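# Overview (structure and organization)
The chain contents come next:
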Amino acid sequence: MTETTDAGPLADLKAKFPNGVWTTRANARLQDALIEGAGLGRLQAAIGWAARMQATDAPEPFASPQMLLFAGEYPHGWDSGDYAPVEEQAAALEQGEGSLAEQASRSGLPITVIRTPASEGVEGPLLDETELNESLRLGRETADRAIDGGADLLLIAGLGAGASTASVAVCSFIAKDDITTYMPQLHAPGGAVFDSAWMGRIAALRDHLAFNRGFKRSPEALVSRLGGAQLGAMAAAIFTAATRSTPILIDGPAAMAAMMIARDFGLAAPKWCYAPNRSAHPVVVKLGKQGGLADDLGFELDLPDAAALPLGWDLLQQGLRIAQALPMPAKEEPEPAAEAAAAPEESAVAEESTVAEESAVTEATAVADGPEVSADADSNAAPETAEEKPADA
């Protein structure tokens, strides 16, 4: 479906597709660069995406980014084996602590943490209708506030293993495949396979899916039954940004699943998204292709969600600067001043020629018709003289 038809917080929004012709023009422009090498390599896809976002063949570095990280609780077992509860992760980021906060600070990325309502439904949907609308409204207002504040690009990701488990549920429903296909192998500290955590997440998800089968697909149903408040708010933020023609960088399976839910709200939503890093997580691999995303930068970093965003942002910006600085051939343009100067001269010559010709014709006529003209003049003069004589008398 292209747009939601049900009344709700997003019902009045509509996203337009970015014009892909600018990617073609940007690629053609880069091919004309006066360099001996092959060009920008894996960076070229990112440049082409930026060209589409900015509607120009020579995109500029973005000026005002805003990172939005969403955090919310999920049912027991969905975050089995997580290295830190989602609330601890959110609190650390707000205090500027941890590697992600440090990397974002060095990259000049302001972080906003958005706490979503808990998704606590077990025997049935994760959210009721009121909670669903609350999460969608939260995502919309968050994106609107960032864009109204001057952001020209949003970086969106989720926090916590619960959201990653929810992304598995969403992906398996969309792909019509078993959840074990999209739940990756987990690793404990030290590199050992974390079987107990994997089984805990699968068991919790299977129990939940037993009460949520056979529903008709819609973005609202995907959020309320499988995605929960966190993915719902992320999807609403992505869709809202797309409706306002604001580009989005995403990272991780939760953001990928949110992007596909946003696609159900409006087909154009994924076209405003770019994932600089696409890990080997099965959800990322599947939905990245299904969403039609541009080629990534080839990091293949398998890190917690959002960890690759600062690096992806830095490389995107550097790539745009390099593309702008490439030497280009001089454009051959006509010289309007010379043409404008030549035009009056030609006009003057033509006018002088016309005047000369008219003069020659007039003189020739006068010579040929001379006697008749004189006779007419004399005959006209005689009556006038005759009329004047009585007055003198």
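Here goes a summary of the coordinates provided. (Residues numbered from 1 in each chain as written. Predicted model: local features only at pLDDT ≥ 70, side-chain atom pairs only at ≥ 80, totals over all residues. Heavy atoms only, no water.)

### Focus: the overall build of the chain
In terms of helices and strands, the chain carries 13 helices and 5 strands. Every one of the 393 residues in the chain was classed for burial, and the buried ones make up 46%. Residue pairs in contact within the chain that sit at least 24 positions apart in sequence constitute 76% of those at least 6 positions apart. By element, 51% of the accessible surface of the chain is carried by carbon and sulfur atoms, the whole surface being about 19,500 Å². (Helix = DSSP H or I, 4+ residues; strand = E, 2+ residues; numbered from the N terminus. Buried < 20%, exposed > 50% of the residue type's maximum accessible area, 1.4 Å probe, protein only. Contact = heavy atoms within 4.5 Å. Areas by Shrake-Rupley, 256 points an atom, 1.4 Å probe, with all protein chains shown as cover.)

### Quick notes on helix H11 (residues 309–325)
A rise of 1.5 Å per residue sets the reference length of H11, with its 17 residues, at 24 Å; its end C-alpha atoms lie 24 Å apart and thus fit the reference within 8%. Considered for burial, the residues of H11 that qualify are Leu309, Pro310, Gly312, Trp313, Leu316, Gln317, Gly319, Leu320 and Ala323. Of the surrounding elements, those touching the buried residues of H11 are helix H1 (21–31), helix H2 (43–54), strand E1 (65–71), helix H4 (99–106), strand E3 (153–158) and strand E4 (248–250). (Expected span 1.5 Å × (residues − 1).)

### Notes on empty space enclosed by the protein
One pass over the full model with this rule turns up 1 cavity of 30 Å³ or more. Taken as a whole, the largest cavity spans an internal volume of roughly 80 Å³. Together, 13 residues line the largest cavity, and Gly72, Tyr74, Asp79, Val86 and Gly162 are the ones closest to its centre. A per-element tally of the lining of the largest cavity places helix H6 (residues 161–175) first, with 3 residues. Class assignment for the residues of the lining of the largest cavity results in 7 nonpolar, 3 polar and 3 charged. (1 Å grid on protein atoms, 1.4 Å probe; cavity = no way out; pocket = protein on both sides within 12 Å on 5 of 7 lines; lining within 4 Å. Points joined across faces, edges and corners; volume = space filled by probe spheres on them. Nonpolar A, V, L, I, M, F, W, Y, C, P; charged D, E, K, R; others polar.)

### Regarding the layout of surface pockets
Put simply, the largest pocket is a space of about 1,100 Å³. Among the elements of the structure, helix H3 (86–94), H4, H6, helix H7 (195–209) and helix H9 (253–265) are those that each provide at least two residues to the lining of the largest pocket. Tallied by class, the residues present in the lining of the largest pocket amount to 25 nonpolar, 15 polar and 7 charged. Its volume calculated, the second largest pocket comes out at about 220 Å³. Of all elements in the fold, only H6 and H7 reach the threshold of two or more residues within the lining of the second largest pocket. With 3 residues, the single largest contributor to the lining of the second largest pocket is H6. Here the lining of the second largest pocket is composed, by residue class, of 6 nonpolar, 3 polar and 5 charged.

### Quick word on the pattern of salt bridges
Tallying each qualifying case throughout the model produces 9 salt bridges. Between Arg140 and Asp144 there is a salt bridge whose closest N-O contact spans 3.8 Å. Taken together, the residues span about one helical turn, with Arg140 and Asp144 both in helix H5 (residues 129–148) at a distance of 4 residues. The class of Asp144 is buried, set by a relative accessible area of 19%. Bridged by salt links that share partners, the residues Asp12, Arg140, Asp144, Asp148 and Arg244 form one connected network. (Salt bridge = Lys/Arg side-chain N within 4 Å of Asp/Glu carboxyl O.)

### Overview of the side chain of Gln317
With respect to the helices, strands and loops of the structure, Gln317 is situated in helix H11. According to the relative accessible area criterion, Gln317 is buried, its value standing at 5%. Those residues in contact with Gln317 that sit more than four places away from it in its chain are Pro61 and Phe62.

### Digging into the packing of H6 against helix H10 (residues 282–290)
Running from N to C, H6 and H10 point in directions that differ by 50°, and their axes come no closer than 10 Å. On the basis of their axis angle, the class for H6 and H10 is oblique. In terms of crossing hand, the pair formed by H6 and H10 is left-handed. Every residue of H10 that contacts H6 at Ser167, Val168, Cys171, Ile174 and Ala175 is listed here: Val283, Lys286, Leu287 and Gln290. (Axes fitted to C-alpha atoms, helices over the stretch in contact; angles between N-to-C directions. Parallel < 35°, antiparallel > 145°, perpendicular 65-115°, else oblique. Left-handed = near helix turned anticlockwise from the far one by under 90°.)

Fair warning: the whole summary comes from geometry, so function is off the table for now.
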